[in-house]
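Report on the structure
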Amino acid sequence: MKNITVGILAHVDAGKTTLSEGLLYTSGALRKLGRVDHGDAFLDTESLERERGITIFSKQAILTVGDTVLTLLDTPGHADFSAEMERTLPVLDYAILVISGTDGVQSHTRTLWRLLETYRVPVFLFVNKMDLAGAERGTLMAEVQKKLSSNCIDFTAAHDEAVAMCDEAALEEYLRSGSVSNAGTASLVAARKVFPCWFGSALRLEGVEEFLVSAAELMKARSYGSEFGARVFKISRDAQGARLTWLKVTGGTLKVKTPLSYTAGETQYAEKADQLRRYSGQKYQTLNEAAAGTVVAVTGLAHTYAGLGLGAEREGSQPVLEPVLTYRLSLPDGGDVHTVLPRLRELEEEDPMLRIVWDKRHGEIHVQLMGKIQLEVLTAYIAERCGLTVSFDEGSVVYRETIANSVLGLGHFEPLRHYAEVQLLLQPLPRGSGVRFASDVPTDLLDLNWQRLIRSHIFEREHCGVLTGSPVTDISFTLVAGRAHLKHTEGGDFRQATYRAIRQGLMQAESILLEPHYDFCLEVPAECVGRAMTDLQNMGGSVDAPASDGETTVLTGHAPVAGLRDYFTAVAAYTRGRGRLACTVHGYEPCREQEAVLLSLGYDAERDTDNPSSSVFCDHGGSVTVPWNEVAARMHCDSGVQLGKAEDAGEETSPRRSAPSGSFEQDKELQSIFERTYGKVERKAFEPAKKPARTALDESKYNIRTQHTDTEYLLVDGYNIIFAWDELKAVAAQDIDAAREMLVSILSNYQGFRKCVVILVFDAYKVKGNPGSVQTVNGIKVVYTREAETADTYIERATYELRRERRVRVATSDSMEQVIILGHGAMRVSARTFHAEIEETEGQISALVERFNLKNQDRRTIRNIAKRKS
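Just so you know, these numbers come straight off a predicted model, no measurement behind them.

With respect to the sheet that holds strand β5 (residues 123-128)
Pairing within the open sheet is mixed, and its seven strands lie in the order β2-β3-β1-β4-β5-β7-β6. If you trace the sheet from one side to the other, it starts and ends with β2 (59-65) and β6 (152-154), each paired once. Adjacent strand axes in the sheet meet at a mean angle of 25°, parallel and antiparallel pairs treated alike. Here β5 runs beside strand β7 (residues 195-199); their pairing, made up of three bridges, is parallel. Looking at β7, one finds that V127 is bridged to F199. Against the sheet, helix α5 (residues 137-147) engages β4 (94-100), β5, β6 and β7, with an angle of about 160° to β6.

A short note on the packing of helix α12 (residues 448-459) against helix α13 (residues 491-508)
Between α12 and α13, the least distance of the axes is 9 Å, while the angle of their chain directions is 55°. It follows that α12 is oblique to α13 by the angle criterion. Here the hand of the crossing between α12 and α13 comes out right-handed. Of the residues in α13, those touching α12 at W450, L453, I454, H457 and I458 are G491, F494, R495, T498, Y499 and I502. Along the lines of polarity and charge, the residues of the contact of α12 with α13 split into seven nonpolar, three polar and one charged.

Thoughts on the pairing of strand β37 (residues 773-777)
What you see with β37 is a clean split: V774 and T776 sit on the buried side and S773, Q775 and V777 on the side with no burial. For β37 and strand β38 (residues 780-784), the ladder comprises five bridges, and the chain directions are antiparallel. Within the sheet, the bridge partner assigned to V774 lies in β38 and is V783. Following β37, the chain reverses through two residues before pairing antiparallel with β38; N778 in that reversal takes a positive phi of roughly 50°.

A word on a negative patch on the surface
Together, D726, E727, E839 and E842 make up a region of like negative charge exposed at the surface. Listing elements by their share of the negative patch, those giving two or more residues are α20 (726-734) and α24 (831-869). Inspection of the secondary structure assignment puts D726 in helix α20.

Re the confidence of the model for the protein chain
Residues with a pLDDT of 70 or more make up 85% of the protein chain, whose mean pLDDT is 83. Under a pLDDT of 50 for its full length, residues 646-667 has, in the predicted model, 29 contacts with residues more than four places off or in other chains. This model gives residues 681-709 a pLDDT under 50, and the stretch forms 49 contacts once residues within four places in sequence are excluded.

As for the packing of aromatic side chains
Any two aromatic rings considered together are summarised by their centre-to-centre distance and by the angle between their planes. Going through the model one piece at a time under the given rule, you end up with 15 aromatic pairs. Ring centres 4.9 Å apart and planes at 65° place the aromatic pair W113 and F195 in the edge-to-face group. Here W113 is found in helix α4 (residues 107-118), whereas its partner F195 is found in strand β7, with 82 residues between them in sequence. Each member of the pair W113 and F195 is classed as buried. Summarising the aromatic geometry, the rings of Y750 and F834 are spaced 5.5 Å apart at their centres and angled 75° between planes, so their arrangement reads as edge-to-face. Here Y750, found in helix α21 (residues 736-754), pairs with F834, found in helix α24; they are 84 residues apart in sequence, far enough to count as distant. Judged by its relative accessible area of 0%, F834 is buried. Through a chain of ring-to-ring contacts, the aromatic side chains of Y94, F124, F126, F155, W198 and F211 assemble into a single cluster. Sitting above the plane of the F617 ring, R634 keeps its charged end 5.3 Å from the centroid.

Examining the environment of G432
In this structure, G432 sits in the loop between β25 (420-428) and β26 (435-439). A relative accessible area of 70% means that G432 is categorised as exposed. The spatial distance from the C-alpha of G432 to the C-alpha of Y588 is 7.1 Å, given a sequence separation of 156 residues.

Basis of the calculations
- Residues numbered from 1 in each chain as written.
- Predicted model: local features only at pLDDT ≥ 70, side-chain atom pairs only at ≥ 80, totals over all residues.
- Heavy atoms only, no water.
- Pairing = 2+ DSSP bridges.
- Helix = DSSP H or I, 4+ residues; strand = E, 2+ residues; numbered from the N terminus.
- Axes fitted to C-alpha atoms, helices over the stretch in contact; angles between N-to-C directions.
- Contact = heavy atoms within 4.5 Å.
- Parallel < 35°, antiparallel > 145°, perpendicular 65-115°, else oblique.
- Left-handed = near helix turned anticlockwise from the far one by under 90°.
- Nonpolar A, V, L, I, M, F, W, Y, C, P; charged D, E, K, R; others polar.
- Buried < 20%, exposed > 50% of the residue type's maximum accessible area, 1.4 Å probe, protein only.
- Patch = residues over 30% accessible without salt bridge, like charges linked within 9 Å, V, L, I, M, F, W, Y side chains within 5 Å.
- Areas by Shrake-Rupley, 256 points an atom, 1.4 Å probe, with all protein chains shown as cover.
- Salt bridge = Lys/Arg side-chain N within 4 Å of Asp/Glu carboxyl O.
- Lys, Arg positive; Asp, Glu negative; His and termini not counted.
- Charge placed at Lys NZ, Arg CZ, Asp CG, Glu CD.
- pLDDT = per-residue confidence, 0-100.
- Phe/Tyr/Trp six-rings, centres within 6.5 Å; stacked < 30°, edge-to-face > 60°.
- Lys NZ or Arg CZ within 6 Å of the ring centre and 35° of its normal.

Next comes the structure, spelled out in structure tokens:
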């Protein structure tokens with residue numbers, strides 16, 4: 001028998017739980033078909049789930065199809081409970097992604113798809129609700145292939161040829177035999193090269209049996225090792241309050257009463273697996289042993305946590321999703337904080353997107369979570385478990401802090417009979433990188449056990465920034481020096497030295513406040529587009545080019561959570577109920593209103609006694625506390641790190657030639673603008689390229705332009721122009737690279753003739769990990785924006801910087817962009833007007849070339865006549 005773990009995922013209201021019910025009923029695991037709207041669905045085991053008709057916690061069910069035993073994990077579809085879904089992904093062998101036939105691929109569907117890609121989970125798709133009006137198979141299939149993957153294939157029709165096109169070996173098999181075997185297709189599915197898709201109606205059981213049988217045939221059993229290993233993915237409690245550790249056995253066998261050793265924090269635990277439960281809905285079967293591939297709930301383990309690896313299984317990665325909102329919890333009269341807090345910690349264990357923060361300075365409890373639905377559910381669970389009716393304030397966003405420059409953090413802890421010194425190099429990382437650690441210290445200078453201890457102290461807690469006291473992120477900590485005392489050093493000494501080194505470094509650094517952003521998909525009637533774009537711009541959002549969908553216009557992009565969290569109500573009001581807004585977590589971006597936020601929070605890093613930046617030194621038999629800005633002079637180690645030196649020191653220099661349109665000083669000005677927009681980049685990206693092939697007449701010989709006293713800058717929105725000019729749009733439909741090259745060639749000639757500086761900007765914001773770049777191509781500057789930044793953003797900021805001392809024009813047909821450009825004091829040029837300028841320029845160049853050729857012809861004629869006469 002094949003033992004397969006399958007997760008079922010979907011956007012909210014796509015019919016995920018209904019499909020789970022249909023699969024269980026079709027397989028014979030259920031005798032009666034339940035319904036979500038009737039409150040009797042098999043996997044909606046919580047009373048809140050039945051009341052609200054949504055899945056809050058993942059549930060498990062067992063069903064058998066032929067020789068395959070499926071452990072089905074039904075996960076929440078609402079975005080507020082995305083982390084509950086995410087923590088099941090590491091234990092899945094396969095996933096079923098459910099898409100609503102009436103709604104199509106939603107923004108949260110794409111978020112799920114990216115998570116499945118991150119965790120490398122093979123996927124089957126089921127397009128549900130095909131019995132409803134508006135669900136058209138061909139249109140939906142095209143949308144799925146466009147928005148998710150072109151390798152999504154309709155398996156309800158002939159599909160061998162489409163499967164063969166996804167892999168060379170499969171193509172060879174198809175050409176040889178005329179088909180692709182089931183085994184070959186199963187291998188492609190397991191390798192995420194093919195994503196089979198079925199259509200049907202779960203409520204009416206249409207297509208459900210065909211989907212179940214066909215999908216089971218394409219599932220391959222995973223091979224496991226003989227050594228015991230297990231991955232913990234969930235913590236919960238049963239009706240009697242017993243703590244359950246949900247895990248999947250990933251190697252060997254787990255038997256009842258098996259001793260399990262693991263580390264939580266810095267403490268080593270040795271506990272026994274008292275009971276192994278295999279759940280299906282609310283009921284469970286006790287097992288004497290669980291073989292590899294089995295998902296069980298284990299009692300007797302008191303300190304486990306989601307992501308923990310047992311035995312040979314390594315520790316899991318941190319969740320991609322993080323809470324973005326924070327609320328202050330108020331207890332009713334007579335409520336005891338110290339009684340409630342432990343119960344809240346239990347809820348925190350069970351809900352991965354819930355963070356309970358005890359503010360010791362103000363004696364307050366704060367909860368961090370994803371949204372209002374989760375807050376309402378939390379309120380109900382507190383009432384159920386604690387018997388208390390609590391309230392919350394209006395809430396705010398969860399800020400983060402990072403740094404913009406590299407600094408050396410110094411920490412020394414040396415009270416009497418204690419000693420530890422730590423020196424850390426703090427460096428900024430790209431957005432979304434989190435916290436990283438590395439060591440450049442040889443083990444003969446600092447023992448490996450001390451270095452590991454320093455690493456554990458960095459990751460054991462969130463470290464507060466110095467702007468608002470918010471946790472820091474996107475920072476690399478590199479150990480560059482450290483010292484221990486042979487006799488006096490204890491483990492706690494390095495904790496103090498490490499914490500103080502981090503804090504002292506942050507006090508020196510240029511800190512940046514980050515705020516959470518949502519990715520949004522806003523559908524509004526065409527007449528409301530102006531209002532919507534204005535709102536999004538005002539809240540600091542980045543908006544992609546609008547897309548038309550019949551009578552509706554679709555706006556996508558990202559914007560601060562602070563602006564979008566209550567924007568649903570405004571959308572419903574100004575669209576009169578015809579608008580729809582969907583939001584998913586985007587990540588963190590620099591806070592637009594940093595000064596205002598700092599003023600409102602009033603945090604003083606110097607007075608935060610819980611996070612000292614000072615160091616403690618021994619002086620005349622006693623200890624003395626040294627302020628952070630005086631620590632460097634008293635450190636005992638020399639790391640050899642010298643910051644602030646010129647980056648190019650020691651580089652071999654060579655003569656540089658200016659581009660035809662301007663000098664290297666102008667290039668440095670562009671570099672400065674780019675770095676202010678996106679951060680530090682490699683300097684060489686801004687240096688002029690080698691002499692390009694000539695694309696215009698040699699200006700040193702032919703003075704064909706009107707000379708201007710001030711240099712004119714022309715910024716061109718690349719893709720906007722390409723799709724506004726018919727000739728380029730036609731080329732782009734076949735080859736977008738060719739269209740870009742054509743535009744570069746056209747602008748190179750234009751620049752040579754007009755004697756201006758052309759900056760061509762292309763969106764590259766959807767390219768993962770892209771840091772952005774500026775290149776010199778045929779004499780013009782070509783900018784590719786970084787990930788998550790649009791051409792509009794770059795042009796707006798560049799316009800604002802350049803217009804102070806230069807004449808600036810911007811070529812774009814984006815009406816919103818034109819308004820902003822005018823506000824910055826620059827001149828706007830529509831795509832149509834700019835096209836006419838280009839045609840005029842090319843005509844003048846052609847006329848000049850023709851006159852030049854005629855003159856040369858006349859000279860040759862004169863020379864020939866002279867030769868004949870001689």
